[in-house]
Amino acid sequence: MIIDKIAVILVAVILTIYLAVIYIKKQATENLVIIFLLSFSMGIYILFTIYKTSIPIYIHIPVLIFGVLIPFIVVLLQYNNIIVSSKILYRNAKKLYSKEKYDLAIKEIIKLIDIDEKKSEYLYLLGKCYEKQNEYIYARDSFALAVDIDKEDYKSYYELGKVLDKTGKPDSAAIMFDKAIKLCPEMYEAYEAFGICLTSQKKYIEAIRVYKEALKYCDVSYETYYNIAVLEMQIEKYDDAENDFKRAIELNQDLYAAHYNLANIKYLKGEYDSAIEEYKKVISTTSYSENAYYKIAMIYAIKKEYDKAMTVIEYLVELNSKYIDIISEEFIFSSMRERINNYLFTRAKLIQEEKNYMKKEKSPRIKKMSNRKVEEKENKNNKPNILNSKLR
């Protein structure tokens, strides 16, 4: 009957409108599939209604089930906030976060919290959004609420520690990092952040302990070995620092900072030949080149190899003239002070002579140019006036 078909079409239209509204308001992308089923159902009924054709039972039942009954159930669930309230909004919020649309993600999470109970995963994501926007107060409160709801939420403890450290509360941050590690011993990021936090407080021995604990779960991290070695240098455990720098270099041959610090340890221990070999490994780098040459010059001076020291000093001064003052004030070079002063005097004299030569070279050019201008002016005055000639 036509009336039955019109009734089905009317129901389908109402359901389609409702699902479309929910899709627009809450970004429930699953509704697009349901809307497609409804549209297909309406298309069949409209087609059969126009041509006044009866619908066979094997078409009628599937269309009613998949095109009307299922959409109706979905509408009922969404109306009572059973589907949309959590999974869809949370998924959308995570998608917006991954796309760096933090404002929109925050709105989705707040909407989610309004229609559903507060959960640690919602507040964790909310805190991450605020953290990305440098809204540390809001981020701190969100992570604090997350760990208050779920005492086992190690990720929120870790993030709360990071925020507290950034806002000048390293003691509180250390407590949060410690809790995160106890809940998840494999969380390398927490060890690293904890170590940095302790280092900033000059608690070097505690920081070393934390980094060494991290090595139990990640023993191929050259950064961790390097950090441990730097801290061991601070507390003057040079042998331990040397071993850890070597381990870091084994894991990363291009770790020039480790080579440079290893050279410094060799220098402090009086192992001068080994120190020179390590310094030579970084003289081609931008960051350590000048310092390495300076230390090599000092070592040659200590060893009384003054010719070699002088060669390095001359090269270093040509690289950067600031070392003239530094070398002049360094006590280690006192035994070769006369040679250095003679070199600096000769260098200054040559620079001055070069300047004078450049001035002489420029002077004739200026004279020639001025003579040329005079000649051009005279030629211009002697040039016949074509316009006056024509008038004559």
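You'll find the structure just up there.
A brief look at the structure comes next.

Parameters and conventions
Residues numbered from 1 in each chain as written. Predicted model: local features only at pLDDT ≥ 70, side-chain atom pairs only at ≥ 80, totals over all residues. Heavy atoms only, no water. Core = buried A, V, L, I, M, F, W, Y, C linked by side-chain atoms within 4.5 Å. Buried < 20%, exposed > 50% of the residue type's maximum accessible area, 1.4 Å probe, protein only. Contact = heavy atoms within 4.5 Å. Salt bridge = Lys/Arg side-chain N within 4 Å of Asp/Glu carboxyl O. Helix = DSSP H or I, 4+ residues; strand = E, 2+ residues; numbered from the N terminus. Phe/Tyr/Trp six-rings, centres within 6.5 Å; stacked < 30°, edge-to-face > 60°. Lys NZ or Arg CZ within 6 Å of the ring centre and 35° of its normal. Polar contact = N/O pair within 3.5 Å; in protein donor to acceptor, adjacent residues only side chain to side chain.

Here we look at the nonpolar core
I109 and F245 are the most contacted members of the largest nonpolar core, which totals 61 residues. Discounting chain neighbours no more than four positions away, the residues touching I109 are A93, Y122, L125, L126 and C129. Ranked by size, the runner-up nonpolar core spans 29 residues in total, among them Y293, M298, V317 and I327.

Topic: the pattern of salt bridges
Taken as a whole, this structure holds 24 salt bridges when the rule is applied. Taking the shortest distance from any N to any O, the salt bridge between E278 and K281 comes out at 3.2 Å. Residue K281 is classed as partly exposed on the basis of its relative accessible area, which comes to 41%. The closest approach of N and O atoms between R339 and D307, which form a salt bridge, is 2.8 Å. Highlighted residues: R339 in helix α19 (residues 337-382) and D307 in helix α17 (residues 306-319), separated in sequence by 32 residues. On the basis of relative accessibility, which here comes to 37%, the residue R339 falls in the partly exposed class. The exposure class assigned to D307 is exposed, which follows from its relative accessible area of 55%. One salt-bridge network, in which partners are shared between bridges, spans D239, E242, K246, K266, K269 and E271.

Structural notes on the packing of aromatic side chains
This structure, assessed with the given rule, holds 14 aromatic pairs. Arranged with centres 6.0 Å apart and planes meeting at 55 degrees, the rings of Y124 and F143 form a pair that is tilted. With Y124 in helix α6 (residues 120-132) and F143 in helix α7 (residues 136-149), the pair connects residues that are 19 residues apart, well separated along the chain. A network of ring pairs unites the aromatic residues Y158, F177 and F194 as a single cluster. The side chain of K295 reaches across the aromatic face of Y267, ending 5.7 Å from its centre.

Brief notes about the environment of R140
With respect to the secondary-structure elements, R140 resides in helix α7. Judged by relative accessible area, R140 falls into the partly exposed class, the value being 25%. Residues R140 and K162, 22 residues apart in the sequence, show an inter-C-alpha distance of 9.2 Å. When residues no more than four places from it in sequence are discounted, the contact partners of R140 are L160, V163, L164 and K169. Polar contacts involving the side chain of R140 include one to the side chain of D141, which spans 3.2 Å.

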